Amino acid sequence: MSASASRPRLIETTTPPVPRWQLIGGFLVIYIVWGSTYLAIKWGVQTIPPFFMGAVRFLVAGSALYGFSRWRGAPAPTRREWRDAAIVGMLLLFVGNGAVSWASQRVNSGLTSVLVATVPLWLVLCEAWQGKRPRAMQVVGVLIGLVGVGLLVLPASGTPAGRSAAVDPVGAAVLAVGSLSWTVGSLYSRSSRQAKPASLAISMQMLTGGVLLTLLSGSMGEFARVHPSNITLTSTLSLLYLITFGSLIGFSTYMWLLKVASPAAVGTYAYVNPLVAVLLGVALGGERLPKLAWVAMTVIVGGVALVSLVDARRRPAAA
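Residues numbered from 1 in each chain as written. Predicted model: local features only at pLDDT ≥ 70, side-chain atom pairs only at ≥ 80, totals over all residues. Heavy atoms only, no water.

### What to know about the overall build of the protein chain
Move 1: When helices and strands are counted, the protein chain shows 13 helices and zero strands.
Move 2: For the protein chain, the residues scored as buried account for 50% of the 319 residues in total.
Move 3: Counted over contacts in the protein chain with a minimum sequence separation of 6, partners at least 24 positions apart contribute 89%.
Move 4: Carbon and sulfur atoms make up 68% of the accessible area of the protein chain, which totals about 15,000 Å². (Helix = DSSP H or I, 4+ residues; strand = E, 2+ residues; numbered from the N terminus. Buried < 20%, exposed > 50% of the residue type's maximum accessible area, 1.4 Å probe, protein only. Contact = heavy atoms within 4.5 Å. Areas by Shrake-Rupley, 256 points an atom, 1.4 Å probe, with all protein chains shown as cover.)

### Some thoughts on helix α4 (residues 79–103)
Move 1: In this model α4 runs 34 Å from its N-terminal to its C-terminal C-alpha over 25 residues, within 8% of the 36 Å that 1.5 Å per residue would give.
Move 2: The largest bend in α4 comes to about 35 degrees, at Met90. (Expected span 1.5 Å × (residues − 1). Bend = angle between axes of the 7 residues up to and from the residue.)

### Here's the deal with the nonpolar core
Move 1: In this structure, Phe27, Ile30, Leu92, Phe251 and Tyr254 are the most contacted members of the largest nonpolar core, which totals 63 residues.
Move 2: Core analysis: the next-biggest nonpolar cluster, separate from the first, contains eight residues, Ala85, Ala195, Leu200 and Ala201 among them. (Core = buried A, V, L, I, M, F, W, Y, C linked by side-chain atoms within 4.5 Å.)

### Considerations on unusual backbone geometry
Move 1: The omega torsion of the bond from Lys196 to Pro197 falls at 0 degrees, within 30 degrees of zero and hence cis.
Move 2: Looking at where Pro197 falls in the secondary structure, it is placed in the loop between α8 (169–191) and α9 (198–219).

### Quick notes on the packing of aromatic side chains
Move 1: Taken as a whole and assessed by the stated rule, the structure comprises nine aromatic pairs.
Move 2: Ring geometry for Phe52 versus Phe223: centroids 6.1 Å apart, planes at 80 degrees, classification edge-to-face. Taken together, the positions of Phe52 in helix α3 (residues 50–71) and Phe223 in the loop between α9 and α10 (233–260) put the pair 171 residues apart, joining distant regions of the chain.
Move 3: Given a relative accessible area of 44%, Phe223 falls into the partly exposed group.
Move 4: Centroid distance Phe68 to Trp71: 6.2 Å. Interplanar angle 40 degrees. Geometry classified as tilted. Of the two residues, Phe68 and Trp71 are both situated in helix α3; the distance of three residues between them amounts to about one turn of the helix.
Move 5: Since its relative accessible area comes to 42%, Phe68 is described here as partly exposed. (Phe/Tyr/Trp six-rings, centres within 6.5 Å; stacked < 30°, edge-to-face > 60°.)

### Structural notes on the layout of surface pockets
Over the atoms a probe the size of a water molecule is rolled, and this reveals where empty space is left.
Move 1: A volume near 200 Å³ is recorded for the second largest pocket.
Move 2: If you go around the second largest pocket, you meet 13 residues; those closest to its centre are Thr118, Trp122, Leu146, Val149 and Ala176.
Move 3: At the level of secondary structure, the elements contributing two or more residues to the lining of the second largest pocket comprise α6 (119–129), α7 (136–153) and α8.
Move 4: Per-element tally for the lining of the second largest pocket: the top contributor is α8, with five residues.
Move 5: When grouped by side-chain class, the residues that make up the lining of the second largest pocket number 12 nonpolar, one polar and no charged. (1 Å grid on protein atoms, 1.4 Å probe; cavity = no way out; pocket = protein on both sides within 12 Å on 5 of 7 lines; lining within 4 Å. Points joined across faces, edges and corners; volume = space filled by probe spheres on them. Nonpolar A, V, L, I, M, F, W, Y, C, P; charged D, E, K, R; others polar.)

### A word on the packing of α4 against α8
Move 1: In contact at an axis separation of 8 Å, α4 and α8 are set at 160 degrees when each is read in the N-to-C sense. With respect to each other, α4 and α8 are oriented roughly antiparallel. α4 and α8 meet at a crossing whose hand is left-handed.
Move 2: Across the contact of α4 with α8, the residue classes tally to 16 nonpolar, seven polar and two charged. (Axes fitted to C-alpha atoms, helices over the stretch in contact; angles between N-to-C directions. Parallel < 35°, antiparallel > 145°, perpendicular 65-115°, else oblique. Left-handed = near helix turned anticlockwise from the far one by under 90°.)

### Details of α6
Move 1: Taken residue by residue, α6 has Val119, Pro120, Leu121, Leu123, Val124, Cys126 and Glu127 as its buried positions.
Move 2: Just downstream of α6 lies Gly131, where phi reads positive at about 105 degrees.

### Quick word on the confidence of the model for the protein chain
Move 1: Of all residues in the protein chain, 86% have pLDDT values of 70 or greater, and the mean over the chain is 81.
Move 2: Per-residue pLDDT, averaged within each element of the protein chain, yields its smallest value for helix α1 (residues 7–12) (39) and its largest for α3 (95).
Move 3: With pLDDT under 50 throughout, residues 1–14 is counted as low confidence; its partners more than four residues away or in other chains account for 15 contacts.
Move 4: Note that pLDDT drops below 50 for residues 157–163; the model gives that stretch one contact with residues more than four away or on any other chain. (pLDDT = per-residue confidence, 0-100.)

### Topic: the packing of α4 against α9
Move 1: It is at 7 Å that the axes of α4 and α9 come closest, and there the two elements cross at 55 degrees. Considering the angle they form, α4 stands oblique to α9. Where α4 crosses over α9, the two elements pack in a sense that is right-handed. Across from Glu81, Trp82, Ala85, Ala86, Val88, Gly89, Met90, Leu93, Phe94 and Gly98 in α4, the residues of α9 making contact are Ala201, Met204, Gln205, Met206, Leu207, Thr208, Gly209, Leu212, Leu213 and Leu216.
Move 2: Considering only residue class, the contact of α4 with α9 consists of 14 nonpolar, five polar and one charged.

### Some thoughts on the environment of Asn230
Move 1: Assignment of secondary structure puts Asn230 in the loop between α9 and α10.
Move 2: For Asn230, a relative accessible area of 46% translates into the label partly exposed.

Below is the structure:
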């Protein structure tokens, strides 16, 4: 819940007060559940093509949520609401999540979460492009984060050529594009015209994202590579987990928090998710990070935390 500096805006949008226990529960979901989805995606794409997996994930979750919302009496969405939902779904799910699914074939789950955690850094750059002058410490935080990314993708001395970077450069570049798209989509969602209730709007975003991923999957020839006999039980359970916890619970909670809590508070998931993802990747996924990756991860998360904390001081939040 925003403090006095933001209350007039909340009153104008007639957003009712949110109980503290709901806020705490919401933050725990995006902290822990979203942190665990990186390993689930890693397991899923082992035997399921990445874009096909994303398409199934969002079409199933979106259809279930859309049907439930309409059954509960939600009115039919307007063309404007479908348009805005399509834009958000394209930026967040088609590009943002699609990039994570594809890059998970080349980057381990812990480092994927670290690179996705650069979203607050992109947020500062996007706001600067819009004419909002960043504070000096935010600029420092962005520079620190970029140094950390550089440590991951730049060659390290004394190692064989082609095996020197702590993370695959192509995978890192795709994740950077996905993080930028997620940032733009999150900013747009706060000012877009969305259907009511929120569950209906979220389902529309999932459906449009799922349709776009289906088209991309088909154009990439993934349909021909999908054979039930080749899909392992681990990948199947991972997909079910992503549909239920990653999409129906996690994504819905994230979009809800963007409406009821300050962006600075919601943005703190960016430096909690990597901790959860790295620990799960090491404990359950058998992942091992080189020493340079641990250093780079610390630098990136430090830069993200600095940017988020400066923004939180600008817009204090009780959450």
